Amino acid sequence: MVMLRTFPSREALSRPKQRTADLLVFLGAAALLWLLVKLSHGLTAPFDEATAPARVSTDPAELPYYAARSLLRMFAALGLSIVFTFVYATAAARLRRTEKVLLPALDVLQSVPILGFLSVTITGFIALFPGSQLGLECASIFAIFTSQAWNMTFAFYQSLVSQPRELDEASRLLRLSKWQRFWRVDVPSGMIPLVWNGMMSFGGGWFFLVASEALSVNNHNYVLPGIGAYVATATADADLGKVLLAVGVMIIMVVGVNALFWRPLTAWAERFRVEESEAAEAPRSLTLDLLRRSRVPQLLGRVFGRLVAPLDRIMGVFGLAEHPLRTDPLRRRAGDITFAVIVLAGIACGLTQMIVFIADTTGFGEVGHALLLGLVTFGRVIALVVVATLVWVPIGVWIGLNPKVSRLAQPVVQVLASFPANFLFPLITGVLVATGISLDWGGILLMALGAQWYILFNVIAGASAIPNDLREAAANLRLPRKLWWRRLVLPAIFPSYVTGGITAAGGAWNASIVAEIVSYGTVTLTATGLGAYIKDATTAGDGGRILIGVAVMSLYVVGLNRLFWRRLHTLAERRFTL
Amino acid sequence: MPALITVDQVSKSFTGAAGDELRVLDNITLDLREGEIVALLGRSGSGKSTLLRTIAGLIAPTSGTVRYRGTELGGANPGAAMVFQTFALMPWLTVQDNVELGLAARGVPTAERRERALAAIDLIGLDGFESAYPKELSGGMRQRVGFARALVLEPDLLLMDEPFSALDVLTAENLRNELMSLWTGSKFPTRSICVVTHNIEEAVLLADRVLVLGANPGHLRAEITVDLDRPRDRKSPAFAALVDHLYDLLTGRETDAAEPEPADATPTARPLPPASVGGLAGLVEIVHARGGRADLPDLAAELNFEVDDLLPLVDAAALLDFLLVTGGDLHLTPTGEAFTTADIQRSKEIFAGQARDRAPLVRTIRRALEAGAHGTLRAGFFRDLLRRGFSATDARQQLDTAIDWGRYAELFDYDTNTDRITLDTTSVHT
């Protein structure tokens, strides 16, 4: 790519094009800057908890502004997630003692239903920025952040601990400083998982953006100017046309971010691929081609390149990326024990406080009640996974085995998966209200709206990865339909299906919090379930019940992962990996 | 010549998962002096890479000391640079940036860095490739980047961990020769080289001294001084004699170590060589085709086999008494002849008989199964037993080999789903 440009003839030929590229890149950057300045103005708008309106204007002319504000929130959360990922994952991978605490913590955090905590965080953030909308803004960003960060952290941690041993040895022998090691070795080697997980998590983040822009928490309704609030208001007005309009804008936004941000990023990240695992089809991006053709990035590189050496020197104070060969075993032991005692004491202290809190407020009878409600929601999750499997596995296999179809379908499915399902809730709710179907059953559909796509696109990926040799062998053996499914397709897609199933089930649990109580116009439908329980407690600001609800749901999710999904995963790894 | 590196009574043990100690290096003492190339030659499991890494200061010895110019190492050796078997280049940096990385770490100013990197790139024959990324280069070119990255630091000591074994034969030969002509010239920036290899000819070609390491645990077996003029001629009788001698050392039994006869050894005292039945049968066949006698170095050269690939087969054939190894030569035994000339069923029976009598682990498993009431046992049981004498990976490999042999011999069978080993009841030999 870059190397080709050393030929003079090429250079001459591509001149005019290059100038256009420069201009386009420059204009794009300028527009982006203006947008940022304009949007950041709104962030610190005055806000008074008592008089703040519970709705935003539904004037369609405001929609672009709302969409941009929402987008800003998404990117702020992404930035925060990246910083968190770098710090947390590095601490977990490089510090022997903290790993023992940070990893299990991450495992649990991944399974905690984030929406349940909004009431706690919102109160905290409003108190932090009194009289300004910034508090509300932060609470929303925090909610999105919590939906993105764990996945990315886990991916980066994995790449750090599975770094090739030789790279580690080479960096130590070259005497890189900790700073240099991080930026020249650790971040580049983790770039591909980081970017891909960032993209997936960003897709999941839309859901929480929509959920966190219009909230009823602690008997109070909060709205933030944004596309989620727009839909919430339009739904309250039972204005279907405006809901549809917002859905259109949302689709444009999801597709646009994909095309202008993630696609170029994934294509760019290909350079960080270690050659052993060459991608079959490297992602390409027009935007990236445009950027590469322009001289702007090079110029920027030259300007910022000058900062590298001084930064290296300053950050050298953190020392070499080296650990001493010998440690005193006694001191090490003593350190371990002190650390363990402090951690255990912290956990014990937290647990007692929680128990005292529950005993003082709601009492333990609630736990049993919540567990029962959990069973109902669990039933919905099972129904969802079973039905989605029956529907999407055959379709996914068909798409995956037809290269032409899958080339068309793959991006569509990816957009569907990242499209916030709660955006479509008003439409379905409208139908439910009109037909009088109970939300106890309709809730399954609402939960499935977001979760099912994970099964579909993982099955597609699995099916398209079936080696051609095996398919030809099956054709050659004239396997009848039934045998073909049982002996070839199902075993081959099993590992991908398990991945999809875990994600779908996890997403469904989280979605139950917004799917088990929905309203359209003046009608509010409520289903029996743990999600409704948490939502109810959040609206009322009942700390004890929020705590119980969230804890019970986490218990269900973690328990199921351990007892069911993880076993399937091990089986898949052992027997069905191609 | 003064010693650059002093390795004094170094032992290294790794702690297994069960808390058991596994000794990898045992009481090793050696010096690396200025102006010499030393080869550490040994088979897999002799701890040669571990020894190199203690010299590099990447891992700490369990006991004993490693000194660089008299100072005990407390971290990565400041006077050493390393060239890796897998190159270990940063795939996201260009050739130039890869070579500059070590200089950047030392805070060398940008202009000087560039100049020195270009000089090193020039020296190693990489000019024109400065802006290429490693994945655009062939294996040989990549390893040149590895050399440039090490040499640009002008270290006292250049450490090489099987630097040519990932390259094809011709490329490896070419790079070895260029390295040697640089070394004999005046421009070579390091004072000493220490190279780990399992390739006997490579050791004789490169080194002034060859240190032969024995396995289980790794220990120094012999020190051979190579007094040949450079460039060395592979065809010369002196060269061939040295190669033969080294083959003899590597395949022969150690005179001082008491290695029990296969027939009454325990599975940990006589580990199974990691050889497949097909591989060892093929080797026996070749020896038979050559009239019952073959010269090991010739065979290795002809089959284009690395010693690490060939020797396990030789060991397995010797363990089962199909071949006899003396002085770098292979001789077919009567059993071996019967094994290779019989029809499939008969040769399976011969194999079964030999494996049951002479392969300690196979024998142990078979006896345990026969002694049990149901003729079936968890594979984990044997794995746990093996963990007393092997690392987790080695224990698994031992069991895998035993299962492979046992299945072929129809002595016992293994079920992956239940992880159980079962007596093969269909077997004809009881």
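Residues numbered from 1 in each chain as written. Chains lettered and ligands numbered in written order. Predicted model: local features only at pLDDT ≥ 70, side-chain atom pairs only at ≥ 80, totals over all residues.

Caption draft 1: Summary view of the overall build of chain B. Scanning chain B for helices and strands turns up 15 helices and 16 strands. Here the C-alpha radius of gyration of chain B, 24 Å, is about what a compact globule of 430 residues would show, namely 22 Å. With respect to the principal axes defined by its C-alpha atoms, chain B has extents near 75 × 50 × 45 Å. Put simply, chain B has 430 residues, and 43% of those count as buried. (Helix = DSSP H or I, 4+ residues; strand = E, 2+ residues; numbered from the N terminus. Rg over C-alpha atoms; globule rule 2.2 N^0.38 Å. Buried ≥ 20, exposed ≤ 12 C-beta atoms within 10 Å, placed from the backbone.)

Caption draft 2: Here's a closer look at the domain arrangement of chain A. Residues and elements named next belong to chain A. By domain assignment, chain A separates into domain 1 (1–38 + 285–322), domain 2 (50–271) and domain 3 (362–575). Opposite the 13 residues of domain 1 that make contact, domain 2 presents 16 residues. Elements that contribute at least two residues to the side of domain 1 that touches domain 2 include exactly helix H11 (286–293) and helix H12 (296–315). The dominant element in the side of domain 1 that touches domain 2, judged by the number of residues it contributes, is H11, at three residues. Here the residues of the side of domain 1 that touches domain 2 are counted per class, giving seven nonpolar, four polar and two charged. (Domains from an automatic or database assignment. Contact = placed C-beta atoms within 7 Å. Nonpolar A, V, L, I, M, F, W, Y, C, P; charged D, E, K, R; others polar.)

Caption draft 3: Inspection of the interface of chain A and chain B at higher detail. Counting from both sides, the interface comprises 27 residues of chain A and, opposite them, 26 residues of chain B. Elements with a minimum of two residues in the side of chain A that touches chain B: helix H6 (165–173), helix H7 (178–189) and H12 of chain A. Considering every element that reaches the side of chain A that touches chain B, the biggest residue donor is H6 of chain A, with six residues. When grouped by side-chain class, the residues that make up the side of chain A that touches chain B number 13 nonpolar, two polar and 12 charged.

Caption draft 4: Seen up close, unusual backbone geometry. Across the junction of Arg 230 of chain B and Pro 231 of chain B, the peptide omega takes the value -5°, indicating a cis bond. Relative to the assigned elements, Pro 231 of chain B resides in the loop between strand S10 (219–225) and helix H7 (237–251). Phi at Arg 478 of chain A takes a positive value of approximately 55°, unusual for a residue other than glycine. Mapped onto the fold, Arg 478 of chain A is located in the loop between helix H18 (468–476) and helix H19 (481–515). The backbone phi angle of Glu 154 of chain B is positive, close to 45°, even though this residue is not glycine. In this fold, Glu 154 of chain B is placed in the loop between helix H4 (139–151) and strand S7 (157–161).

Caption draft 5: View of the pairing of strand S13 (residues 329–332) of chain B. Residues and elements named next belong to chain B. Pairing of strand S11 (residues 293–295) with S13, which is carried by three bridges, proceeds in the antiparallel orientation. Of the residues in S13, the one forming a bridge with Arg 293 is His 331. When strand S12 (residues 323–326) meets S13, the two strands line up antiparallel, connected through four bridges. Considered in S13, the bridge of Leu 323 is made with Leu 332. Count of turn residues in the S12/S13 antiparallel hairpin: two residues, of which Gly 327 carries a positive phi of about 50°. (Pairing = 2+ DSSP bridges.)

Caption draft 6: Structural view of the nonpolar core. Core analysis: the largest hydrophobic core is formed by 127 residues, its most contacted members being Val 231, Leu 384, Met 447, Val 459 and Ala 508 of chain A. Ignoring anything within four residues of it in the chain, the contact list for Leu 384 of chain A reads Ile 444, Met 447, Ala 448, Ala 451 and Ala 508 of chain A. Counting 125 residues, the second-largest nonpolar core is a separate cluster that includes Ala 81, Val 83, Ala 88 and Leu 151 of chain B. (Core = buried A, V, L, I, M, F, W, Y, C linked by C-beta atoms within 7 Å.)

Caption draft 7: Just the domain arrangement of chain B, in detail. All names here are of chain B. What the domain assignment reports for chain B is domain 1 (3–251) and domain 2 (277–423). The straight-line distance from the C-alpha centre of domain 1 to that of domain 2 is 34 Å. Listed per partner, the contact involves 19 residues of domain 1 and 15 residues of domain 2. Ranked by residues supplied to the side of domain 1 that touches domain 2, first place goes to H7 with six residues. Considered class by class, the residues forming the side of domain 1 that touches domain 2 number nine nonpolar, six polar and four charged.

Caption draft 8: Up close: helix H20 (residues 530–540) of chain A. Of all 11 residues that make up H20 of chain A, eight are buried, and the element is covered over most of its length. Downstream of H20 of chain A by a residue or two, Gly 541 of chain A has a phi angle that is positive, lying close to 70°.

Caption draft 9: Geometry of the environment of Ala 81 of chain B. Residue position: Ala 81 of chain B is located in strand S6 (residues 80–83). Accessibility expressed as a C-beta count within 10 Å gives 26 for Ala 81 of chain B, which makes it buried. When residues no more than four places from it in sequence are discounted, the contact partners of Ala 81 of chain B are Leu 173 of chain A together with Ala 150, Leu 153, Pro 155 and Leu 158 of chain B.

Caption draft 10: Broad picture of the sheet that holds S13 of chain B. All names here are of chain B. The strand order across the open sheet formed by three strands is S11-S13-S12, and the pairing between neighbours is antiparallel. With partners counted over all chains shown, the strands left at the sheet margins are S11 and S12, one partner each. Strand-to-strand twist of the sheet, defined as the mean angle between neighbouring strand axes without regard to direction, takes the value 20°. Contacts from helix H10 (residues 307–319) reach S12 and S13 within the one sheet, and its direction differs from that of S12 by about 115°. (Axes fitted to C-alpha atoms, helices over the stretch in contact; angles between N-to-C directions.)

Caption draft 11: Seen up close, the packing of H20 of chain A against helix H21 (residues 543–575) of chain A. All names here are of chain A. Where H20 meets H21, the axes come as close as 8 Å, and the angle between the chain directions of the two elements is 150°. In terms of orientation, H20 and H21 fall into the roughly antiparallel class. In the packing of H20 onto H21, the handedness of the crossing is left-handed. On the side of H20, the interface is formed by Leu 530, Tyr 533, Ile 534, Ala 537 and Thr 538, while H21 contributes Arg 545, Ile 546, Gly 549, Val 550, Val 552 and Met 553. Looking at the contact of H20 with H21 residue by residue, the classes come out as eight nonpolar, two polar and one charged. (Parallel < 35°, antiparallel > 145°, perpendicular 65-115°, else oblique. Left-handed = near helix turned anticlockwise from the far one by under 90°.)

Caption draft 12: Quick peek at the confidence of the model for chain A. Here chain A averages 83 in pLDDT, while 92% of its residues score no lower than 70. Low pLDDT, under 50, characterises residues 1–15 of chain A; the stretch is placed with five contacts to residues that sit more than four places away or in other chains. (pLDDT = per-residue confidence, 0-100.)

Caption draft 13: Main features of the environment of Ala 117 of chain B. Residues and elements named next belong to chain B. Of note, Ala 117 is situated in helix H3 (residues 110–123). On the basis of neighbour counts, which here come to 25 C-beta atoms within 10 Å, the residue Ala 117 falls in the buried class. As for Ala 117 and Leu 153, which are separated by 36 residues in sequence, their C-alpha atoms are 9.2 Å apart. Beyond its immediate sequence surroundings of up to four residues, Ala 117 is in contact with Gln 96, Val 99, Glu 100, Leu 103 and Val 152.

Caption draft 14: Spatial organisation of the sheet that holds strand S16 (residues 420–423) of chain B. Residues and elements named next belong to chain B. On the basis of which strands lie adjacent, the open sheet formed by three strands has the order S14-S16-S15 and antiparallel pairing. The sheet is open, and its two borders are formed by strand S14 (376–378) and strand S15 (412–415), each paired with just one other strand. Recorded for the sheet is a direction-independent mean angle of 25° between the axes of neighbouring strands. As judged from the four bridges shared by S15 and S16, these two strands associate in the antiparallel manner. Along S16, the bridge assignment pairs Phe 412 with Leu 423. Each of S14, S15 and S16 touches helix H13 (residues 360–371); the most contacted strand, S16, lies at about 75° to it. Most of the contacts of helix H14 (residues 379–386) go to S14, to which it runs at about 55°, and overall it touches S14, S15 and S16.

Caption draft 15: Geometry of H14 of chain B. Residues and elements named next belong to chain B. Within the span of H14, buried status applies to Ala 379, Phe 382 and Leu 386. Within H14, the buried residues cover an arc of 65° as seen down the axis, which keeps them to one side. Opposite the packed face of H14, turned more than 90 degrees from it, sit the exposed residues Gly 380 and Asp 384. In this structure, the buried side of H14 is in contact with H13, S14, helix H15 (392–408), S15 and S16. (Arc of directions from axis to C-beta.)

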